[in-house]
Amino acid sequence: MAGAELFGQRFGAAPAGVWSAPGRVNLIGEHTDYNDGYVLPFALPLRTTVAAALQDEPQWTVYSREAGETVVIGSDDLMPGRVTGWAAYVAGVLWALREAGFPPPSARIAVTSQVPLGAGLSSSAALECAVLAALVELGGLDVPREAWPRLAQQAENGYVGVPCGIMDQSASTLCRDGHALFLDCRHGTREQVPFDLAGHGLALLVVDTRAPHRLVSGEYAARRAACESAAAALGVAALRDLDRSALPGALARLDEVTGRRVRHVVTENERVLDAVRLLRAGQVRAIGPLLTASHASMRDDYEITVAQVDTGVETMLAEGAYGARMTGGGFGGCVLGLVEHASVDATAAAVRGAFAAAGYDDPHCFAAVPDRGVARLI
Ligand code: GLA
C-alpha cells in the first residue's frame, strides 16, 4: 500500500490509517456552483493518498512525496498567509476545523498523489478532502461527512485565498463509482445519477492539454465578482434565480460583457438540468450536444477557454465525438469528449496529431471512469 509504505519510510513507524480522495472531472455545469446553481461532476480513479498517525508534539508534520518536502505546521501557523505552497491546503484544513470548533489532533501525515497538479482536475480538493478525512477520524471529531465539502471549501477560500465554489470538494467527498453527482449548490441537495459509460458502449475521453491552468490568477475571481455584481444589479440573491425567460429583460439592463457572463450561467444551469433528465432516462449519447453547447458558451460568453482547449474540442468533434467541452475552471486544463468506446484510441491520436501540428505541447489523454469519493483504505 503506497501510502503506508511512504509513511513508514518517512516516519519510521506504521500509520494509524490511510485515506484517499479523488480528483474529479465535471461533466457539465461550469462556473455555476458559486452562482448557487447546478453541477454534475464525477470522481476520477486518480487519487491523493494520505497516511497519518497521531503525534505527541503539538504540531503537524506533513511530508509530500511529489513536492519532496516536509513542512512542520505549528498552531501559530493556523492563520491565513502563514503557510504557502502545497502545504497551505493542509494548513487550511487544520485552520477550518479549528475555526469550526473542532480542534484537529496533532499528527504526522504523508501525502502522495496521482492527480496532476494544475490540470483542472481538482488536485487541491483531493488533498483537502483526504487530509480532512484523516484528521476527523484520527481525532474522533464529530463532523459528519455531509459537512466536509463546506469545511474543505473554507480551507481554500479563507486560508489559501482561492474564491472557489463548493463543487470540487463535494465531488471528492460525495461521489459514487458508476455515477455522476447532481448537486444543487444552493440547497446542498444531491442525487447520484447513473453514468454507466461501458454499459452503453461509450467512453469519456479526457485530454489534459497541459496548457497551464491558473485558478489563483485574477480571472476566476473576476468572473465570480462579475456574477455577484450582476445578481445585485438585477435584484436577485444569485444568478441561479434567473431562468431563460428572464434573460432578455436581464440583458437589457446590463452592459454587453456582463450580459454574456450572465447568459452563460443561466444557460449552463439549464443544460445541467437537461443532461440530468437525459441520463435518468438512460439516453447517454443524447447529452453530447449539451456538452458542445456548454463549450461554446464558455468560449464565447464566459471567455475562459484558450486555443489548446478549443483545438481539443474541435478535433474530438471532427472525429465523431457526440459532444465535447472544456472541464474545470478554465484558462487551460482539460477537455472531455463523449465518444464510442471503440473510438477512444483514434480520437486521442487525432487530438495529439492536431496539437503537434499546431506546435502545442503533447497532451495527455485517458478514458475516465466514475470512481468513488473519499475513503479509508486501511
Ligand atoms: C474550479 C472551482 C469550482 C468551480 C469550477 C468551475 O474548479 O474550484 O468551484 O467554480 O472551477 O466550474
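The model shown is predicted, which means the values in this text are computed figures rather than measured ones. (Residues numbered from 1 in each chain as written. Predicted model: local features only at pLDDT ≥ 70, side-chain atom pairs only at ≥ 80, totals over all residues. Heavy atoms only, no water.)

Visitor: If you had to explain the packing of aromatic side chains to someone new, which residues and values would you point to?
Guide: Scanning all chains against the criterion turns up six aromatic pairs. Aromatic side chains Tyr 34 and Tyr 220 sit 5.5 Å apart centroid to centroid with 70 degrees between the ring planes, which places their arrangement in the edge-to-face category. Here Tyr 220 lies in helix H6 (residues 218-234) and Tyr 34 lies in the loop between strand E1 (17-26) and strand E2 (38-39), a separation of 186 residues in the sequence. Note on Tyr 34: relative accessible area 7%, which makes it buried. For Tyr 220, a relative accessible area of 6% corresponds to the buried category. Judged by centre distance (5.9 Å) and plane angle (35 degrees), the rings of Tyr 38 and Phe 182 are tilted. Residue Tyr 38 is found in strand E2, and its partner Phe 182 is found in strand E7 (residues 179-184); the two are separated by 144 residues along the sequence. The two residues Tyr 38 and Phe 182 agree in class, both being buried. The ring centre of Tyr 63 lies 4.3 Å from the NZ or CZ of Arg 10, which sits over that ring. (Phe/Tyr/Trp six-rings, centres within 6.5 Å; stacked < 30°, edge-to-face > 60°. Helix = DSSP H or I, 4+ residues; strand = E, 2+ residues; numbered from the N terminus. Buried < 20%, exposed > 50% of the residue type's maximum accessible area, 1.4 Å probe, protein only. Lys NZ or Arg CZ within 6 Å of the ring centre and 35° of its normal.)

Visitor: Report on the nonpolar core, specifying residues and quantitative values.
Guide: Of all hydrophobic cores here, the largest spans 42 residues; its most connected members are Ile 73 and Leu 97. Looking at this core, the elements with two or more residues in it are E1, strand E3 (41-54), strand E4 (59-64), strand E5 (69-74), helix H2 (87-99), strand E6 (107-113), helix H3 (123-138) and helix H4 (148-160). Among the nonpolar cores identified, the runner-up in size contains 35 residues, and Val 162, Val 207, Val 335 and Phe 355 belong to it. (Core = buried A, V, L, I, M, F, W, Y, C linked by side-chain atoms within 4.5 Å.)

Visitor: Break down the site of the ligand for me, with residues and values.
Guide: Near the ligand, the surroundings consist of 12 residues, among which Glu 30, His 31, Asp 33, Asp 168 and Tyr 220 are the closest. The separation between an oxygen atom of the ligand and a polar side-chain atom of Asp 33 is 2.5 Å. Within the side chain of Asp 168, an N or O atom sits 2.6 Å from an oxygen atom of the ligand. For the ligand, the protein covers 98% of the area, taking 300 Å² as the surface of the free molecule. Its residues assigned to classes, the shell around the ligand comprises five nonpolar, three polar and four charged. (Near = heavy atom within 4 Å. Polar contact = N/O pair within 3.5 Å; in protein donor to acceptor, adjacent residues only side chain to side chain. Areas by Shrake-Rupley, 256 points an atom, 1.4 Å probe, with all protein chains shown as cover. Nonpolar A, V, L, I, M, F, W, Y, C, P; charged D, E, K, R; others polar.)

Visitor: A description of the pairing of strand E8 (residues 190-194) should follow, citing residues and the corresponding values.
Guide: Relative to E8, E7 runs antiparallel, the two being bridged by five bridges. Each bridged residue has a counterpart across the sheet, and for Ala 180 the counterpart in E8 is Val 193. Two successive antiparallel strands, E7 and E8, enclose a turn made up of five residues, where Gly 188 displays a positive phi of approximately 75 degrees. (Pairing = 2+ DSSP bridges.)

Visitor: Give me the packing of helix H8 (residues 256-280) against helix H9 (residues 288-300): which residues, what numbers.
Guide: In the contact formed by H8 and H9, the axes pass within 10 Å of each other and the chain directions differ by 170 degrees. By the criterion of interaxial angle, the relationship of H8 to H9 is roughly antiparallel. Like other packed secondary-structure pairs, H8 and H9 cross with a definite hand, here left-handed. Contacts between H8 and H9 involve Arg 260, His 264, Thr 267, Glu 268, Arg 271, Asp 274, Ala 275 and Leu 278 from the former and Leu 290, Ala 293, Ser 294, Ser 297, Met 298 and Asp 300 from the latter. The residue makeup of the contact of H8 with H9, split by class, is five nonpolar, four polar and five charged. (Axes fitted to C-alpha atoms, helices over the stretch in contact; angles between N-to-C directions. Parallel < 35°, antiparallel > 145°, perpendicular 65-115°, else oblique. Left-handed = near helix turned anticlockwise from the far one by under 90°. Contact = heavy atoms within 4.5 Å.)

Visitor: Requested: an account of the sheet that holds E8, with residues and values cited.
Guide: Taking strand neighbours across the sheet as the criterion, the three strands line up as E2-E7-E8 in an open arrangement whose pairing is antiparallel. Of all strands in the sheet, those with a lone pairing partner are E2 and E8, marking the two edges. The pairing of E2 with E7 spans two bridges and is antiparallel. Residue pairing for E7: Val 39 is matched across the bridge by Leu 183. With respect to the sheet, helix H5 (residues 167-174) is in contact with E2, E7 and E8, its orientation differing from that of E7 by roughly 135 degrees. Contacts from H8 reach E2, E7 and E8, with the element oriented near 50 degrees to E8.

Visitor: Talk me through the sheet that holds E3; I want residue IDs and the actual numbers.
Guide: Read across the open sheet, the six strands follow the order E5-E4-E6-E3-E1-E13; overall the sheet is mixed. Strand pairing shows two members of the sheet lacking a second neighbour, E5 and strand E13 (375-376), which therefore form its edges. In this structure, E3 lies alongside E6, joined through seven bridges in antiparallel fashion. In the strand pairing of E6, Thr 48 is matched with Ser 113. Sitting on the sheet, helix H1 (residues 2-11) is in contact with E1, E3, E4, E5 and E6, with an inclination near 130 degrees to E6.

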